[in-house]
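Descriptive analysis of the structure
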Amino acid sequence: RWGAADGQAPVRISALMARLTAENLQRARQLIALYPQTRSALIPILHVLQEQDGWLTPDGMAHVAELVDVDPAEVYGTASFYDMLFTHPVGRHLVSICTNLACMLNGGVELLEHAEKLLGVPAGGTTPDGAFTLEAVECIAFCGAAPCLAVNWRFFCSVYNDDFDRTAEHSD
């Protein structure tokens, strides 16, 4: 964590409350041990944190910064660069619908519009109950079986409106 004392330059505060659970802190230390430079474990540890909390909380990112010995701003800069890392809360079910060319030509845009209507939120939104976050993504690498989507990183291909309806019904 960083703080300023009496208007002076920010100073590092080392008494940081652990944000990773004991088990995940152990996983983080094992990841750090895999790399010759501690900071190289940054992205893998961010995945562990996101798996734990569902998104990258400010306190969690500060804890990761301390673990890999970088500034919290560098952790946030890295996290905000990658689409698969979330620096804001997301729903329990992250629905990612491909709108790239192959999916678009095979109904991906219509599938996204249907999902928006069914869930009642636009792409980029989260349902009021926090159950679903809907996002449009560029490609999830199932072009031969378009249109495709992913729910919590589990991939489905040849998905049409009725398939989506069944998937959404069985998500909770």
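Residues numbered from 1 in each chain as written. Predicted model: local features only at pLDDT ≥ 70, side-chain atom pairs only at ≥ 80, totals over all residues. Heavy atoms only, no water.

**A closer look at the pairing of strand E3 (residues 93–98)**
Among the 6 residues that make up E3, 6 are buried, leaving the element largely enclosed by the rest of the structure. Neither face of E3 is left uncovered, since the one carrying His 93, Val 95 and Ile 97 and the one carrying Leu 94, Ser 96 and Cys 98 both have all their residues buried. Note that E3 and strand E4 (residues 132–137) share 6 bridges and pair parallel. Paired with His 93 across the strands is Phe 132, a residue of E4. Strand direction decides the pairing type here: E3 and strand E5 (residues 149–151), joined by 3 bridges, are antiparallel. When the bridges of E5 are listed, Ile 97 appears paired with Leu 149. (Buried < 20%, exposed > 50% of the residue type's maximum accessible area, 1.4 Å probe, protein only. Helix = DSSP H or I, 4+ residues; strand = E, 2+ residues; numbered from the N terminus. Pairing = 2+ DSSP bridges.)

**A few points about the pattern of salt bridges**
Evaluation of the coordinates by the stated rule reveals 5 salt bridges. Ionic pairing is found between Asp 162 and Arg 166, a salt bridge with its closest N-O pair at 3.9 Å. On the criterion of helical spacing, the pair formed by Asp 162 and Arg 166 is a turn pair, its members being 4 residues apart in helix H7 (residues 161–169). The partner of Arg 166 in a salt bridge is Asp 163, and the shortest N-O contact between them spans 2.6 Å. Placement of both Arg 166 and Asp 163 in helix H7 is noted, with a separation of 3 residues, approximately one turn of the helix. (Salt bridge = Lys/Arg side-chain N within 4 Å of Asp/Glu carboxyl O.)

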